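Descriptive structure summary
Residue strings, one per chain:
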Amino acid sequence: MTEAILLVGGKGTRLRPLTVHTPKPMVPAAGVPFLTHQLARAKAAGVEHIVLATSYLAEVFEPYFGDGSALGLHLEYVTEEEPLGTGGAIRNVASRLHSGPDDPVLIFNGDILTGLDIRALVDTHATTGADISLHLTKVTDPRAYGLVPTDDTGRVLAFLEKPQTPEEIVTDQINAGAYVFRRSVIDTIPLGRPVSVERETFPDLLSAGAHLQGMVDSTYWLDLGTPAAFVRGSADLVLGRAPSPAVPGRCGDRLVLPTATVAADAKLSGGTVVGEGAFVAEGARVFGSTILAGAVIEPGAVITDSLIGSRARVGERSVLTGTVIGDGATVGPDNELLQGTRIWCDAQIPAGAVRFSSDQ
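Residues numbered from 1 in each chain as written. Predicted model: local features only at pLDDT ≥ 70, side-chain atom pairs only at ≥ 80, totals over all residues. Heavy atoms only, no water.

Quick word on the environment of valine 148
As for its position among the elements, valine 148 is in the loop between strand 8 (132-138) and strand 9 (173-182). Note on valine 148: relative accessible area 1%, which makes it buried. Ignoring sequence-local partners within four residues, the contact set of valine 148 consists of Leu136, Val156, Ala158, Phe159, Thr171, Gln173, Ile174 and Asn175. (Helix = DSSP H or I, 4+ residues; strand = E, 2+ residues; numbered from the N terminus. Buried < 20%, exposed > 50% of the residue type's maximum accessible area, 1.4 Å probe, protein only. Contact = heavy atoms within 4.5 Å.)

Notes on the pattern of salt bridges
Following the criterion strictly, the structure yields 14 salt bridges and no others. Arginine 14 is the partner of aspartate 223 in a salt bridge, and the nearest nitrogen-oxygen pair spans 3.8 Å. Linking aspartate 223 in strand 11 (residues 221-223) with arginine 14 in the loop between strand 1 (3-7) and strand 2 (28-29), this pair joins segments that are 209 residues apart in sequence. The partly exposed category is assigned to aspartate 223, whose relative accessible area is 25%. Linking aspartate 187 and arginine 183 is a salt bridge whose minimum nitrogen-to-oxygen distance equals 3.1 Å. Assessed through its relative accessible area of 40%, aspartate 187 is described here as partly exposed. On the basis of relative accessibility, which here comes to 10%, the residue arginine 183 falls in the buried class. Here the salt bridges share partners, and the residues they tie into one network are Asp102, Asp131 and Arg182. (Salt bridge = Lys/Arg side-chain N within 4 Å of Asp/Glu carboxyl O.)

Some points on the sheet that holds strand 15 (residues 272-274)
The parallel open sheet is built from six strands, whose spatial order is 12-15-18-21-24-27. Sheet topology places strand 12 (254-256) and strand 27 (342-343) at the edges, where each strand pairs with a single neighbour. Along the sheet, helix 7 (residues 227-239) makes contact with strand 12, strand 15, strand 18 (290-291), strand 21 (307-308), strand 24 (324-325) and strand 27, crossing strand 15 at roughly 90°. (Pairing = 2+ DSSP bridges. Axes fitted to C-alpha atoms, helices over the stretch in contact; angles between N-to-C directions.)

Section: the layout of surface pockets
Approximately 1400 Å³ is the volume attributed to the largest pocket. As for the largest pocket, its lining consists of 45 residues, of which Thr86, Asn109, Asp111, Glu198 and Arg199 are closest to the centre. At the level of secondary structure, the elements contributing two or more residues to the lining of the largest pocket comprise helix 3 (85-92), strand 9, helix 6 (197-207) and strand 11. No other element matches the five residues that strand 9 contributes to the lining of the largest pocket. Of the residues assigned to the lining of the largest pocket, the class counts are 21 nonpolar, 14 polar and 10 charged. Of the voids in this model, the second largest pocket is the one considered here, and its volume is about 370 Å³. If you trace the second largest pocket, you find 20 residues lining it, with Met26, Pro28, Leu292, Ala293 and Ser310 closest to the centre. Of the residues that constitute the lining of the second largest pocket, the class distribution is 12 nonpolar, six polar and two charged. (1 Å grid on protein atoms, 1.4 Å probe; cavity = no way out; pocket = protein on both sides within 12 Å on 5 of 7 lines; lining within 4 Å. Points joined across faces, edges and corners; volume = space filled by probe spheres on them. Nonpolar A, V, L, I, M, F, W, Y, C, P; charged D, E, K, R; others polar.)

Focus: empty space enclosed by the protein
Tallying each qualifying case throughout the model produces one cavity of 30 Å³ or more. If you add up the space inside the largest cavity, you get close to 170 Å³. At the level of secondary structure, the elements contributing two or more residues to the lining of the largest cavity comprise helix 1 (34-44), strand 6 (104-109), strand 7 (112-114) and strand 9. The leading source of residues in the lining of the largest cavity is helix 1, at five residues. Tallied by class, residues from the lining of the largest cavity come to 10 nonpolar, six polar and one charged.

A short note on the side chain of threonine 137
Looking at the secondary structure, you find threonine 137 in strand 8. Those residues in contact with threonine 137, other than ones at most four positions away along the chain, are Asp172, Gln173, Ile174, Ala176, Asp217, Ser218 and Trp221.

Digging into the side chain of threonine 201
Along the chain, threonine 201 falls in helix 6. For threonine 201, a relative accessible area of 8% puts it in the buried group. Beyond its immediate chain neighbours, meaning those up to four positions away, threonine 201 contacts Ile189, Val195 and Ser196.

Looking at the UniProt feature "domain: Mannose-1-phosphate guanyltransferase C-terminal" (unreviewed entry) in the protein chain
Using the residue numbers shown here, the UniProt feature "domain: Mannose-1-phosphate guanyltransferase C-terminal" (unreviewed entry) corresponds to residues 252-333. Across residues 252-333, the secondary structure splits into 0% helix and 41% strand, with the terminal C-alpha atoms separated by 30 Å. (UniProt positions renumbered as here; feature names shortened; annotations may be inferred.)

Quick word on helix 7
End to end, helix 7 covers 18 Å across 13 residues, agreeing with the expected 18 Å (1.5 Å per residue, within 8%). Burial runs high along helix 7: 10 of the 13 residues are buried. Within the sequence span of helix 7, burial applies to Pro227, Ala229, Phe230, Val231, Gly233, Ser234, Ala235, Asp236, Leu237 and Val238. Residue glycine 240 follows helix 7 closely and has a positive phi angle near 90°. (Expected span 1.5 Å × (residues − 1).)

Here we look at the UniProt feature "domain: Nucleotidyl transferase" (unreviewed entry) in the protein chain
Sequence positions flagged by UniProt for "domain: Nucleotidyl transferase" (unreviewed entry) are, in local numbering, residues 4-236. The distance separating the terminal C-alpha atoms of residues 4-236 is 25 Å; by composition the span is 26% helix and 23% strand.

Some words on the packing of aromatic side chains
This structure, assessed with the given rule, holds seven aromatic pairs. Here phenylalanine 159 and phenylalanine 202 contribute two aromatic rings whose centre-to-centre distance is 5.4 Å and whose plane-to-plane angle is 25°, an arrangement assigned as stacked. Note that phenylalanine 159 is positioned in the loop between strand 8 and strand 9 and phenylalanine 202 in helix 6, a separation of 43 residues in sequence. Measuring from centroid to centroid gives 6.3 Å for tyrosine 179 and phenylalanine 181, while their planes differ by 75°, and the two rings are edge-to-face. A relative accessible area of 0% means that phenylalanine 181 is categorised as buried. (Phe/Tyr/Trp six-rings, centres within 6.5 Å; stacked < 30°, edge-to-face > 60°.)

Structure (structure tokens):
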């Protein structure tokens, strides 16, 4: 296997305001765009040529990654004029592939952080003679996911929608968002219209008697679709819990990029990242959070499990927990923002304007 398709066209609506100016795969995680980690892991698994299926803010990708040579890859970009869904996006880029009809093509989603053994998935595909092989992972509570039951040999039996009752939970295995396709199968996907592999392509192939193989790999897996998950994923990369050869520094309790400034008595922990040109002032405490490029954390601020957008500012003594601050926004001194708060890009929160407890 030397080729892959990377699906990076989603709008990332659940991540807003992080994705107002930046497509989801380009939001920094552990100091670099999240996509960098995926590209690096594909390269480490032997992939040489990757086609990026872009749509939302498509113009952002190529200026950053270019032809991929800096990563030891050959990258190409195909932009959808109208969103085509997962299957439609795969079919839309098929003409850029060089593989023969029976060759394996790796396909993965641009919002999954995983420790998947990519080579093992490809080996499973080859040894079982499957038309499509799917990475499956086990979850404690599968109600939010589509279920993928398999037989004793790993052959997929069905694709079941999100279960609504306990009786419908027939397995804890879910589709983890990485696949190996036989090249010729890609050409059977309808061209030029939206297609979902999960709801149309896979069930239709199964009904037609195709061989779909599941490989359960329950190493690290996280869907980065929400701000809380994205912040946690970035922290896990820094801490070394999630594997990536692209983390720009040694794994540890914190990652401070070279042009950032952190006061000597500021405390950073829990996988915190301080981006290029950012400033963390004296007495600030930051745990498990991401401070993006050019952001300013003023003296005495306490930030936990939060993401501070580029050029944003958090005022003195403000306390932020589970919060997202959009690019260029300002949170004045003595505010208290708790779980789930999202401050939009360039918004201005006056001093002491928002609290969840007394100001005394």
